[in-house]
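# Secondary and tertiary structure notes
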Amino acid sequence: MQKKFSFLWLAFRRLLTSLVYKVKREFSLPIKPIFINFSATYRCNSRCLMCNNWQRYQKDPQKVKEELTVADWEKIFKRDKDWFSSVRHFGIAGGEPFLKTDLVELVRLIHKDLPKVKIGLQTNGLEPKIIALKLKEILSFCPGITLAVSIDGMEKTHDKVRGVKGSFRRVLETVRIAHRLGIKEITAGMTVVKENHREITEVIERMKKLGIEVSFYPADQGEYYHTERKENRKDQVVVKSLVNTLEKFPGDYFKDNLRRILLGSSKRSLPCYSGWTSLVLDPYGEIKPCVLRSESLGNLKKEPLAEILTSSKAEKIRKEIKKCSCFSLCEVSTSAVIDPWDVVFWFLFKADKKTFLQKAEERLKAIS
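Now for a look at the structure at hand.

### Brief notes about the packing of helix 8 (residues 200-209) against helix 9 (residues 236-246)
- Interhelical geometry of helix 8 versus helix 9 gives an angle of 40 degrees and a closest axis separation of 10 Å. Taken together, the axes of helix 8 and helix 9 lie oblique to each other. Contact residues: Ile200, Thr201 and Ile204 in helix 8; Ser241, Leu242 and Thr245 in helix 9.
- When its residues are assigned to classes, the contact of helix 8 with helix 9 shows 3 nonpolar, 3 polar and no charged.

As structure tokens, then:
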């Protein structure tokens, strides 16, 4: 009974807080960020079919010298302490973040200056030995670190999509190492493309045996992936595979709504908070509103975060985002946490309620 009351109180408090965000969004007012998605480096040892970040330093190898260093972040955190005070999740991605030589010190600094923040690392898992050494050191001072790996099919398919022979075996070794080191939260992401859409269920079952939950989603395009943004959901064979698999998850807000959108029976009704409560940072300090938009709100090396987020440029971009109808997992997941009213409506009238409540309780506790 007490457990149920605690969950209901958390949910009620979240709904009340969301009203404040709703008002600020309605009037295009700036909000201190809660979610940071930082591409720590564009160095990458994959050769993915759906992402071209690995090409950046082949074309301009000197550009790597412009990436933010730990010293840069020390200055930024000291200058912008107040505007980083509401951050609750700091994701570190790439490229491949474990190729960044000062990754351990970066995580140490974030953990020290933002002690309430949950830090998540993303990896392609191609260098299990390097990953093991760095994870072991990170866990010594940040035991709550989480890890997300990429699984884009079974062995042959994964290797083809990732463009590196033997990558499937190496990512599984990385998962085993993470388990041995005691990382409590390990997840996997599967980017669905025409080469792997028939293997979604098989990947889910394989990862389930390892105790890992899989998120799967259509490939996005945009500056974040160094690809041209275009419509990616026209291949009807891929769409059909996705829809068939998504039908198995009626208690998952993202998956159930993505299915309806792909079928054309529904449109996005969830307000987007990208550029308000969630920000994307590239390796050079440019702040982007989300993973799909290329325009920069400003650069942290050159301007304080307060000036960037309260500028007329930022206000103009946020007004444009209000019209956005995409359903990208990165952006939907953060917006749904901040403004759960659409989730409530979906839960009342469309969801598999028992399954949803089990998942919702776990996630609310994680962010509160």
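Still to come is the rest of the account.
### Things to note about the environment of Ile145
- Positionally, Ile145 belongs in the loop between helix 5 (128-141) and strand 4 (146-150).
- Beyond its immediate stretch of four places on either side in the chain, Ile145 contacts Val107, Ile119, Leu121, Ile138, Leu139 and Ile183.

### Examining the nonpolar core
- Core analysis: the largest hydrophobic core is formed by 89 residues, its most contacted members being Trp73, Phe84, Phe90, Ile92 and Leu121.
- With 6 residues, helix 4 (residues 103-113) is the single largest residue contributor to this core.
- Aside from chain neighbours lying at most four places away, what touches Phe84 is Ile36, Trp73, Ile76, Phe77, Leu114, Leu300 and Leu305.
- Residues Cys51, Val280, Val291 and Leu292 belong to the second largest nonpolar core, which totals 14 residues.

### A closer look at helix 7 (residues 167-181)
- With 15 residues, helix 7 should reach 21 Å at 1.5 Å per residue; the first-to-last C-alpha distance of 21 Å fits that figure.
- For helix 7, the set of buried residues is Ser167, Phe168, Val171, Leu172, Thr174, Val175, Ile177 and Ala178.
- In this structure, the buried side of helix 7 is in contact with helix 5, strand 4, helix 6 (155-162), strand 5 (186-192) and helix 8.
- Once helix 7 ends, the next one or two residues include Gly182, with phi positive near 95 degrees.

### A closer look at the packing of helix 3 (residues 70-79) against helix 4
- Here helix 3 crosses helix 4 at 15 degrees, and the two axes come no closer than 10 Å. Considering their axes alone, helix 3 and helix 4 lie roughly parallel with respect to each other. For helix 3 against helix 4, the interelement crossing comes out right-handed. Two secondary-structure elements touch here, helix 3 through Val70, Trp73, Glu74 and Phe77 and helix 4 through Glu105, Leu106, Leu109, Ile110 and Asp113.
- Grouping the amino acids of the contact of helix 3 with helix 4 by side-chain chemistry returns 6 nonpolar, no polar and 3 charged.

Quick notes on the rules
- Residues numbered from 1 in each chain as written.
- Predicted model: local features only at pLDDT ≥ 70, side-chain atom pairs only at ≥ 80, totals over all residues.
- Heavy atoms only, no water.
- Axes fitted to C-alpha atoms, helices over the stretch in contact; angles between N-to-C directions.
- Helix = DSSP H or I, 4+ residues; strand = E, 2+ residues; numbered from the N terminus.
- Parallel < 35°, antiparallel > 145°, perpendicular 65-115°, else oblique.
- Contact = heavy atoms within 4.5 Å.
- Nonpolar A, V, L, I, M, F, W, Y, C, P; charged D, E, K, R; others polar.
- Core = buried A, V, L, I, M, F, W, Y, C linked by side-chain atoms within 4.5 Å.
- Buried < 20%, exposed > 50% of the residue type's maximum accessible area, 1.4 Å probe, protein only.
- Expected span 1.5 Å × (residues − 1).
- Left-handed = near helix turned anticlockwise from the far one by under 90°.

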